[in-house]
Protein chains: 2
Amino acid sequence: MPSAPRFHILYRITPDDSRPIEAHAKDICLEETVEIPGDCVPPAIWEAGIVGQVEAITPCAPPSRAFDVAISYRADITNDSIPNLLNIIFGNISIRRGIKIIDIRLTPDQLRAFGGPRFGTAGLRAALGVHGRPLAATAIKPLGLSVQALARLAGGYALGGLDVIKDDHGLMDQHFHPFQERVARVQEAIRNANAKTGRKTLYFPMIAGRFDQIEAQMDYARAEGCAGALIAPMLIGPDTGFHLARKYGLAVMTHPSFTGTHFHDPEHGITPAMLLGRLFRVFGADISVFPNAGGRFTFTPDECQDLAVAMREPLGDVKPGFPSPAGGMTIEKIDSLVAAFGDDAVFLIGGALMRHSPDPEIGARAFITAIEQAVSGGKAAE
Amino acid sequence: MPSAPRFHILYRITPDDSRPIEAHAKDICLEETVEIPGDCVPPAIWEAGIVGQVEAITPCAPPSRAFDVAISYRADITNDSIPNLLNIIFGNISIRRGIKIIDIRLTPDQLRAFGGPRFGTAGLRAALGVHGRPLAATAIKPLGLSVQALARLAGGYALGGLDVIKDDHGLMDQHFHPFQERVARVQEAIRNANAKTGRKTLYFPMIAGRFDQIEAQMDYARAEGCAGALIAPMLIGPDTGFHLARKYGLAVMTHPSFTGTHFHDPEHGITPAMLLGRLFRVFGADISVFPNAGGRFTFTPDECQDLAVAMREPLGDVKPGFPSPAGGMTIEKIDSLVAAFGDDAVFLIGGALMRHSPDPEIGARAFITAIEQAVSGGKAAE
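Keep in mind that this is a model prediction, so the values were computed, not measured.

**Topic: the overall build of chain A**
Piece 1. When helices and strands are tallied, chain A shows 16 helices and 13 strands.
Piece 2. The C-alpha radius of gyration of chain A comes to 22 Å, within 12% of the 21 Å expected for a compact globule of 382 residues.
Piece 3. Taken along its principal axes, the extent of the C-alpha atoms in chain A is 70 × 50 × 35 Å.
Piece 4. Within chain A, the proportion of its 382 residues that are buried is 58%.
Piece 5. Across chain A, contacts joining residues at least 24 apart in sequence account for 71% of those joining residues at least 6 apart.

Right under this line is the structure:
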């Protein structure tokens, strides 16, 4: 078997025993590929480069005890498949400790095969006709509200000028707001509002059906004229939503539900930048929602900045996508959001809009006005 | 909206701030359902029980600072859907800290809807004709070996008397051992061996294709006569493999790849017993592979025992399944495996069989002999 191009993963390893770092690095190379002791690996398998290869080991600056270990794998092991890629980079070793993925460098061919966002920042801005400011988004909620009430909320938010309306991610296919009825009525309310305003508010319904339902749901959302799909990759399967959204021509907004055990321990898992940023973008996220620092969750400001960079930095032929800070954001925080994330972001404010006013149109207007003021204030100050 | 039956989750909460435990408990109730501040929740939503409800708060024994908090949710919110259930019990709160799911009590209707193992311990024993001892399993490996060599290994293991042969979970659909050719040749080798021995070794190929491939793979495995599917729920989607295996009549062996960030921190995530045991069993696992204590991974003996209990204890109409200790097991450890797990387990020894002998038949025979001796020794000592 001839050798093949390789991709690179940077692991930050915090050793939990006294063995040398080289032994920990070699463990990963074997565990993530051949899963047998090194002396049992047939020579032809070694020669073909099937086993992971340690490319560099760099100690972190004290007082850290950690090392940054670059390991390369044959790209054709992953077969351009998301399940396969996740298995190789963090399958069995997820069940260890002290291993954090801090960088992921795929080959140009892999990037092309996974494909990245279909629309990206430029495509979504063109669809909206909005330039030169961050986008304003909200979620219709709460779970349990009638379809009529959800549609009224959506219509009001659209009249008030929001750019993106998504379902709260807990709205799936419950009998009190069935998927089809909800998607049809909410999209209708937004369409009617758009006809009045001349704008184009985009709707991202939550699509999370079982394996046998989800393709029909994606097709239904497209047929109703929805712009995109809100998907939670770890709930429905890491490749399911990306694959179907691409097939049906929908933009993708990703939600981090059920991903959090990768983040709470700085020494183990995958960083928010690499999982919610790099990987979700490469897989197809036009917008990646994440819990911003200062809200109800645990991300640090640095982690949020790194995630925003991962969504937007140059990356082969992959388009940039929008980072979407959320999770306890308020209108009062917009100045600091603009300062932190600049224009190419989607600010997601949910509960705080409901608190601002019982009339969604008023809340939406206040939100958009605050963004415009923050942007023009920032530009005047330049 | 009338009220509805509720299911119960027991969270062990280790507070990371000085707020009272009641505040942490209420956070979860809101975060996992309505996702808005309590004072924004419409009265009808409260009255319908849509918000999670704290049922009990019990302090853990000192020196632990933790509390066990029982929270109930309306069963119809989950819609008998795996993505929906995972979102409600640990969606957004996965992105916090200090929250561990230690018990999951679904309603009888939910258990019936999810369905559990199709075959269970009794069904797989009947298919094998093996009773009164643990089952012996191995994996064909390593990644990169030719299909012919993999088939030779499988045939030898079957001739030597192993009960279950699975693919190493890294074998997916790589061009050097394509899915169809691999499954057909390996199953053929096992069929030929079975014809010689008069036994019935069962083959569980790894099924991990992309969304658009995986159903055809499941169908192919069934058509070739495979007994079951090896699936990694977190790689292909938590409900994908269970759904398809049920549709095509295959038994299910689950693999824990990419689940491990739930386990490495005792204060956050879902315990191995609840994720790899209770949930995977309820979703349909006939056999749940896990990394046993004393091998290459981090589970404690207690965690492994709890997982075995979760696979086998009475649970409504749900059949018991086999716990399958793996991850660095050896023939020398079989006495202790029998002592720890008794008869209703599938012992999975991989690399150590290759090391025992270059002839797979010899390794398999030694494995089975060791099990039979351990069981008869244990029974003689009773």
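Here the narrative resumes, following the displayed structure.
**Points about the relation of the copies chain A and chain B**
Both copies of the chain are tied together by a single rotation about an axis and a shift running along it.
Piece 1. Rotating chain A by 180° and translating it 0.0 Å along the rotation axis places it on chain B, where the RMSD comes to 0.0 Å. The superposition of one copy onto the other is thereby described by a two-fold rotation axis. It is A:Gly237 whose C-alpha, among those of chain A, lies nearest the rotation axis, at 1.6 Å.
Piece 2. Mapped onto chain B, 99% of the interface residues of chain A again fall at the interface, so both copies present the same surface.

**Points about helix H4 (residues 82-90) of chain A**
The periodicity of an α-helix, 3.6 residues per turn, causes residues three or four positions apart to be oriented the same way.
Piece 1. The element H4(A) is extensively covered by neighbouring structure, given that nine of its nine residues are classed as buried.
Piece 2. Inspection of H4(A) places A:Ile82, A:Pro83, A:Asn84, A:Leu85, A:Leu86, A:Asn87, A:Ile88, A:Ile89 and A:Phe90 among the buried residues, and these make up the whole buried set.

**Here we look at the packing of helix H7 (residues 147-159) of chain B against helix H8 (residues 179-197) of chain B**
Residue and element names in this part refer to chain B.
Piece 1. Interaxial distance between H7 and H8 falls to 8 Å at its minimum, and their mutual angle equals 25°. Here H8 runs roughly parallel to H7, going by the angle between their axes. Between H7 and H8 the crossing geometry is right-handed. Every residue of H8 that contacts H7 at Val147, Leu150, Ala151, Arg152, Ala154, Gly155, Ala158 and Leu159 is listed here: Glu181, Arg182, Arg185, Val186, Glu188, Ala189, Ile190, Asn192, Ala193, Asn194, Lys196 and Thr197.

**Details of the interface of chain A and chain B**
Piece 1. On the chain B side, the residues contacting the 72 residues of chain A number 71 residues.
Piece 2. Listed by contribution, the elements that provide at least two residues to the side of chain A that touches chain B are helix H3 (75-78), H4, helix H9 (211-223), helix H10 (233-236), helix H11 (240-247) and helix H15 (351-356) of chain A.
Piece 3. For the side of chain A that touches chain B, a count of residues per class yields 33 nonpolar, 27 polar and twelve charged.

**Concerning the domain arrangement of chain A**
Residue and element names in this part refer to chain A.
Piece 1. We note that the domain assignment places domain 1 (6-114) and domain 2 (120-380) within chain A.
Piece 2. Centre-to-centre, using C-alpha coordinates, domain 1 lies 33 Å away from domain 2.
Piece 3. At the interface, 18 residues of domain 1 touch 16 residues of domain 2.
Piece 4. Mapped by element, the contributors of at least two residues to the side of domain 1 that touches domain 2 are H4, strand S4 (99-105) and helix H5 (108-114).

**Regarding the sheet that holds strand S3 (residues 67-74) of chain A**
Residue and element names in this part refer to chain A.
Piece 1. An order of S2-S3-S1-S4-S10 is seen for the five strands of this open sheet, with the pairing classed as mixed. Two strands lie at the open edges of the sheet, namely strand S2 (53-59) and strand S10 (269-270), each paired on one side alone.
Piece 2. Strand direction decides the pairing type here: strand S1 (residues 6-13) and S3, joined by eight bridges, are antiparallel. Along S3, the bridge assignment pairs Arg12 with Asp68.
Piece 3. Across the sheet, helix H1 (residues 21-31) touches S1, S2 and S3, and the angle it forms with S2 is around 145°.
Piece 4. Sheet strands in contact with H4 are S1, S3, S4 and S10, and its direction is about 130° off that of S4.

Calculation rules
Residues numbered from 1 in each chain as written. Chains lettered and ligands numbered in written order. Predicted model: local features only at pLDDT ≥ 70, side-chain atom pairs only at ≥ 80, totals over all residues. Helix = DSSP H or I, 4+ residues; strand = E, 2+ residues; numbered from the N terminus. Rg over C-alpha atoms; globule rule 2.2 N^0.38 Å. Buried ≥ 20, exposed ≤ 12 C-beta atoms within 10 Å, placed from the backbone. Contact = placed C-beta atoms within 7 Å. Least-squares fit on C-alpha atoms with pLDDT ≥ 70 in both. Axes fitted to C-alpha atoms, helices over the stretch in contact; angles between N-to-C directions. Parallel < 35°, antiparallel > 145°, perpendicular 65-115°, else oblique. Left-handed = near helix turned anticlockwise from the far one by under 90°. Nonpolar A, V, L, I, M, F, W, Y, C, P; charged D, E, K, R; others polar. Domains from an automatic or database assignment. Pairing = 2+ DSSP bridges.

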